[in-house]
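One-letter residues, chain by chain:
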Amino acid sequence: MPSCDVCPSGFGVLFSSRFPWAPRLVNSSSFSVYPMGNGTSRLYSALAKTLNSSAASQHPEYLVAPDPEHLEPIDPKELLEECRAVLHTRPPRFQRDFVALPADGPSSHPPIRVMQWNILAQALGEGKDNFVQCPMEALKWEERKCLILEEILAYQPDILCLQEVDHYFDTFQPLLSRLGYQGTFFPKPWSPCLDVEHNNGPDGCALFFLQNRFKLVNSANIRLTAMTLKTNQVAIAQTLECKESSRQFCIAVTHLKARTGWERFRSAQGCDLLQNLQTITQGAKIPLIVCGDFNAEPTEEVYKHFASSSLNLNSAYKLLSADGQSEPPYTTWKIRTSGECRHTLDYIWYSRQALSVRSALDLLTEEQIGPNRLPSFNYPSDHLSLVCDFTFNEEP
Ligand SMILES: NC(=O)C1=CN([C@@H]2O[C@H](COP(=O)(O)OP(=O)(O)OC[C@H]3O[C@@H](n4cnc5c(N)ncnc54)[C@H](OP(=O)(O)O)[C@@H]3O)[C@@H](O)[C@H]2O)C=CC1
Ligand SMILES: [Mg+2]
């Protein structure tokens, strides 16, 4: 396996020096061109290119078509192998299984797999979060990025809803587009990442869907308000049409305001999001899936608003409990200077009338998470990914 140092950095996406997070297509001919090799060497260069983003920022800013090599599809299996090669010194991946859930009748179409994940912004992890039991070495972007990609590639979601994305333009957009995804990014207006030295731009929500499965019908970037005031939190809502079944649904991703003392603020943001979703779903006519880091336990008002909304939503991960009524004991678990923080904050809400959850990925056990909690050498974020398979119910 060649080392990253020897790979040239022919980029299709560049960052201007003033706003390093702004996307910019550059003249690919100004870069050294990697020969069109076969399979692994070409794929390896795909991953290596995302490792060397700083080299690209030296180049002039002008717009031309991207190098065709950067649009070439990547085989997910080979990219997974590539990630595993980078991670060879790390402990093995945790085993998580899908739990089959009872649903009414068979479905004539393949399920829609949705992943919800706060991936932990690189700048926040290194500069703000204070994960006192996590060594800085475990947070190195070059390797942590591969752990994130490995998780995505292991479960191969049809739709990916991410929070705390501060490497969209240099990493996730270029790689995931070559895996067949169409992506949208909406950064926070005043991302706390920008306060961190050597940051990679603002963090925000990102939504990706597989282009061979869905057609984009409608897309909205929403800056959430709280009691009519604009806030620093955002959401993306898209209406997609399933190519197999021609059925439409709306998928939304959000990340609500963090921290204790902000419960009423979160509640107001939740109300604003629900109102927006009422309009987008034409008054609940279009089935809906909402993924998010709500920064709220199930006891909070914002959770209750979602559970009792006229959109008729249910929280998918409740279905993993014995009675189907309880949320999991945690979706995030970390140790800060203030002590251990174990909370249920992340949810996948879905229209209970129109959709069924066929299976859900179980969470990591306390034993797997280990005494130092998250993030760790094994797992890249302080939040666990949630993954569900949905099918449409028969139309009445
Ligand atoms: N320049 C300007 O004019 C302005 C700048 N700002 C900046 O934005 C920041 C606030 O932004 P806002 O969106 O409200 O941020 P939030 O309070 O929502 O938190 C931001 C991030 O911090 C993480 N976080 C949660 N709890 C803690 C904790 N105890 N210690 C460390 N990190 C934590 C959250 O992660 P998780 O969700 O995983 O819990 C979240 O991603 C300010 O601190 C300031 O830096 C804001 C407004 C204006
Ligand atoms: Mg966080």
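Remember, predicted model here, so these are calculated numbers, not experimental data. (Residues numbered from 1 in each chain as written. Chains lettered and ligands numbered in written order. Predicted model: local features only at pLDDT ≥ 70, side-chain atom pairs only at ≥ 80, totals over all residues. Heavy atoms only, no water.)

1. With respect to the pairing of strand 8 (residues 214-226)
Along a regular strand, successive side chains alternate from one face of the sheet to the other. Applied cut-off: Strands pair, by our definition, only if DSSP identifies at least two bridges between them. Put simply, DSSP marks the helices as runs of H or I at least four residues long and the strands as runs of E at least two long, and each gets a number from the N terminus on.
Sheet analysis places strand 8 next to strand 9 (residues 229-242), joined by 11 bridges and oriented antiparallel. Its bridge partner lying in strand 9, Thr225 is registered against Lys230. From the end of strand 8 to the start of strand 9, which pair antiparallel, there are two residues, and Met227 there has a positive phi angle of about 50°.

2. So, the side chain of Asn200
The condition is simple: Polar contacts, as counted here, are pairs of nitrogen or oxygen atoms within 3.5 Å of one another; within protein the pair requires one atom able to donate a hydrogen and one able to accept it, and residues that are adjacent in sequence qualify only if both atoms are side-chain atoms.
Inspection of the secondary structure puts Asn200 in the loop between strand 6 (181-187) and strand 7 (204-210). A polar atom in the side chain of Asn200 sits 3.0 Å from the side chain of His167. Among the polar contacts made by the side chain of Asn200, one reaches the side chain of Asp170 at a distance of 3.4 Å.

3. Here's the deal with the environment of His198
Mapped onto the secondary structure, His198 falls in the loop between strand 6 and strand 7. Along the backbone, His198 and Ala123 are 75 residues apart, and their C-alpha atoms lie at a distance of 8.0 Å.

4. A word on the sheet that holds strand 7
Just so we agree on the cut-off: To get an axis, fit a line to the C-alpha atoms, keeping to the stretch in contact for a helix; angles then go from 0 to 180 degrees between the N-to-C directions. Two residues form a contact once any of their heavy atoms are found within 4.5 Å.
Across the sheet, which stays open at both edges, the seven strands sit in the order 3-16-17-4-5-7-6 with mixed pairing between neighbours. The open sheet has two edge strands, strand 3 (98-100) and strand 6, and neither has a second partner. Sheet twist, expressed as the average angle between the axes of neighbouring strands with direction ignored, equals 25°. Relative to strand 17 (residues 386-392), strand 4 (residues 112-118) runs antiparallel, the two sharing five bridges. Bridging from a neighbouring strand, Ile112 pairs with Phe390 of strand 17. Its contacts with the sheet put helix 5 (residues 141-155) on strand 3, strand 4, strand 5 (159-165), strand 16 (355-361) and strand 17, and the angle it makes with strand 4 is roughly 160°.

5. Section: the site of ligand 1
Our working definition: We call a residue near a molecule or strand when any one of its heavy atoms sits within 4 Å of it. Residue-level accessible areas treat just the shown protein chains as cover; the underlying method is Shrake-Rupley with a 1.4 Å probe.
Ligand 1 sits among 20 residues. The nearest are Glu164, Lys188, Asp195, His255 and Lys257. In the model, a nitrogen atom of ligand 1 is placed 3.3 Å from a nitrogen or oxygen of the Asp129 side chain. Residue Asn232 places a side-chain N or O atom 2.8 Å away from an oxygen atom belonging to ligand 1. If ligand 1 stood free it would expose 920 Å²; the protein chains cover 72% of that surface.

6. Here we look at the UniProt feature "domain: Endonuclease/exonuclease/phosphatase" (unreviewed entry) in the protein
The cut-off we apply is this: UniProt positions are given in the numbering used here, feature names are shortened, and annotations may be inferred rather than shown by experiment.
As recorded in UniProt, the sites labelled "domain: Endonuclease/exonuclease/phosphatase" (unreviewed entry) are residues 115-383. Spanning residues 115-383, this segment combines 23% helix with 34% strand, and its end C-alpha atoms are found 13 Å apart.

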